[in-house]
Amino acid sequence: MKKTKALTEGALLAALFGIGVIATIFIPFVSMVLIWFMPVPFIIYVLRHGLKPGILFWTVTLFITFIIAGLPGLPIPLLFGLGGLVVGELYRRNKSGLAVLLGGSLTYIVSIIVLFIMSIALLGIHPLHTTQELMRQSIETAESMLAGIGQDPGEQLEAFQDLIDMLGQLGPLLIILMGVTTALLTQLFSRIIVKRFYPKVPSLPPFKEWTFPKSFLWYYLIVSILVLIGVPETSFIYTVLINLFPLLTFVMTIQGLSFIFHYCYVKGVPKVVPILITVFTLLLPMFLVMVRILGIIDLGFELRKRVKK
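On a predicted model such as this, the values are computed, not experimentally measured, just so you know.

**Side note on the packing of helix H9 (residues 171–197) against helix H11 (residues 236–267)**
Phase 1: H11 packs onto H9 with a crossing angle of 35 degrees between their chain directions and a minimal axis gap of 8 Å. Contacts between H9 and H11 involve Gly171, Pro172, Leu173, Ile176 and Leu177 from the first element and Ile242, Asn243, Pro246 and Leu247 from the second.

Put into structure tokens, the structure is as follows:
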């Protein structure tokens, strides 16, 4: 009876996933929202029946997706299916919202790397090189347009050329950012549906409670010193630094913004104030530096523990 129920629910959820694949591929505007709900069938199935049946369910969805869309459609179950399995299992084990986000992020990062390798090995397409080529073509078009109206495009587009050349070295950073962003968005959107069936599914903690391990501060300081000292651009260490430094800088900024939200909450400051500070931080470099320094101080000296009502 239990196996029959699992098969019935699996067939229903697989059908829903197949409809989602069709809508995602053939209806562009719908796919912009629907794509973030694709892990839901996997999360619900794992919550109801466990991880091993969930893996079998995922295998079935691979077959269904291949029938519907062929090889171009397989990244959907490979990415969102595996992410849904891991998130569902972490929910089933009653892990915290941040633990679920971390597990989902690692899964999506690994999945993106696998898809990256498959694209090169099976299709002969290097995603970064292809992106660089498309961007160079756009630069050439812009140069032609500027030259046509009598302007010198050299200085204006030189920075973009440097960015395109550096893009090949920023692959690890881009993959990490894509993995974390995908995990965050899918967790936020999927929980809207999942919590209707499982109200106890944990949510992410409030932003004011977000904090990173103190070891991140030491990583940031070491990387910052190496950046100031300077290393040869052709060395492996340089590639590591240009990927780590912006990532750790972003971490310190998040830490600083989280402290501001915590401070305003404790002091009873209206929520609009930290929101405006966040907007100014994103728009004005001066605010960005100040918030980053605040994050460093908070992480190093546990500043938020000293804030009292």
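**Observations concerning the packing of aromatic side chains**
Phase 1: Per the stated rule, a full pass over the model turns up twelve aromatic pairs.
Phase 2: The interplanar angle of 80 degrees and the centroid separation of 5.0 Å between the aromatic rings of phenylalanine 17 and phenylalanine 42 together place this pair among those described as edge-to-face. Placement of the pair is phenylalanine 17 in helix H1 (residues 2–26) and phenylalanine 42 in helix H3 (residues 40–49), with a sequence separation of 25 residues. Neither residue differs from the other here; phenylalanine 17 and phenylalanine 42 are each classed as buried.
Phase 3: Following the ring pairs from residue to residue traces out a cluster consisting of Phe17, Phe42, Tyr45 and Phe57.

**Here's the deal with the side chain of threonine 278**
Phase 1: By the secondary structure assignment, threonine 278 is in helix H12 (residues 272–283).
Phase 2: Polar contacts involving the side chain of threonine 278 include one to the main-chain carbonyl oxygen of proline 274, which spans 2.8 Å.
Phase 3: The contacts of threonine 278, once residues within four sequence positions are left out, are Leu257 and Phe261.

**Quick look at H11**
Phase 1: The first and last C-alpha atoms of H11 sit 47 Å apart over 32 residues, in line with the 46 Å expected at 1.5 Å per residue.
Phase 2: Remark: glycine 268 follows H11 within two positions and exhibits a positive phi of approximately 75 degrees.

**Brief notes about the layout of surface pockets**
Phase 1: What the largest pocket holds in volume is close to 860 Å³.
Phase 2: Put simply, the parts of the chain that give the lining of the largest pocket at least two residues each are helix H6 (97–123), H9, helix H10 (215–229) and H11.
Phase 3: The residue inventory of the lining of the largest pocket, partitioned by class, reads 21 nonpolar, three polar and no charged.
Phase 4: Here the second largest pocket defines a volume of roughly 490 Å³.
Phase 5: Looking at the second largest pocket, it is lined by 21 residues, and the ones nearest its centre are Pro75, Leu115, Phe116, Ser119 and Pro127.
Phase 6: For the lining of the second largest pocket, the secondary structure elements donating two or more residues are helix H5 (75–92), H6, helix H7 (127–148) and H9.
Phase 7: Broken down by element, the residue count for the lining of the second largest pocket peaks at seven residues, all from H6.

**Comments concerning empty space enclosed by the protein**
Phase 1: One pass over the full model with this rule turns up one cavity of 30 Å³ or more.
Phase 2: In this structure, the largest cavity encloses a volume near 60 Å³.
Phase 3: Considering the residues around the largest cavity, the lining is formed by Pro39, Ile43, Val87, Val100, Gly104, Tyr108, Ala183, Thr186, Gln187 and Ser190.
Phase 4: The set of elements that each furnish at least two residues to the lining of the largest cavity consists of H6 and H9.

**Section: the confidence of the model for the protein chain**
Phase 1: Here the protein chain averages 83 in pLDDT, and 93% of its residues register 70 or above.
Phase 2: When pLDDT is averaged over each element of the protein chain, H5 comes out on top at 91 and helix H8 (residues 154–167) at the bottom at 67.

**What about the environment of glycine 295?**
Phase 1: Along the polypeptide, glycine 295 turns up in helix H13 (residues 285–301).
Phase 2: The spatial distance from the C-alpha of glycine 295 to the C-alpha of valine 251 is 8.5 Å, given a sequence separation of 44 residues.
Phase 3: Residues contacting glycine 295, with those up to four places away along its chain left out, are Met252, Gln255 and Gly256.

**Re the pattern of salt bridges**
Phase 1: For the structure shown, the criterion picks out six salt bridges.
Phase 2: Of the charged contacts, one joins arginine 92 and glutamate 89 as a salt bridge, the two residues approaching to 2.9 Å between their closest N and O atoms. Of this pair, arginine 92 and glutamate 89 both sit in helix H5, three residues apart, roughly one helical turn.
Phase 3: Residue classification places arginine 92 among the partly exposed positions, given a relative accessible area of 40%.
Phase 4: Here lysine 305 makes a salt bridge to glutamate 302, at a shortest N to O gap of 3.5 Å.
Phase 5: A network of salt bridges, in which partner residues are shared, links Glu89, Arg92 and Arg93.

Thresholds, definitions, all that
Residues numbered from 1 in each chain as written. Predicted model: local features only at pLDDT ≥ 70, side-chain atom pairs only at ≥ 80, totals over all residues. Heavy atoms only, no water. Axes fitted to C-alpha atoms, helices over the stretch in contact; angles between N-to-C directions. Helix = DSSP H or I, 4+ residues; strand = E, 2+ residues; numbered from the N terminus. Contact = heavy atoms within 4.5 Å. Phe/Tyr/Trp six-rings, centres within 6.5 Å; stacked < 30°, edge-to-face > 60°. Buried < 20%, exposed > 50% of the residue type's maximum accessible area, 1.4 Å probe, protein only. Polar contact = N/O pair within 3.5 Å; in protein donor to acceptor, adjacent residues only side chain to side chain. Expected span 1.5 Å × (residues − 1). 1 Å grid on protein atoms, 1.4 Å probe; cavity = no way out; pocket = protein on both sides within 12 Å on 5 of 7 lines; lining within 4 Å. Points joined across faces, edges and corners; volume = space filled by probe spheres on them. Nonpolar A, V, L, I, M, F, W, Y, C, P; charged D, E, K, R; others polar. pLDDT = per-residue confidence, 0-100. Salt bridge = Lys/Arg side-chain N within 4 Å of Asp/Glu carboxyl O.

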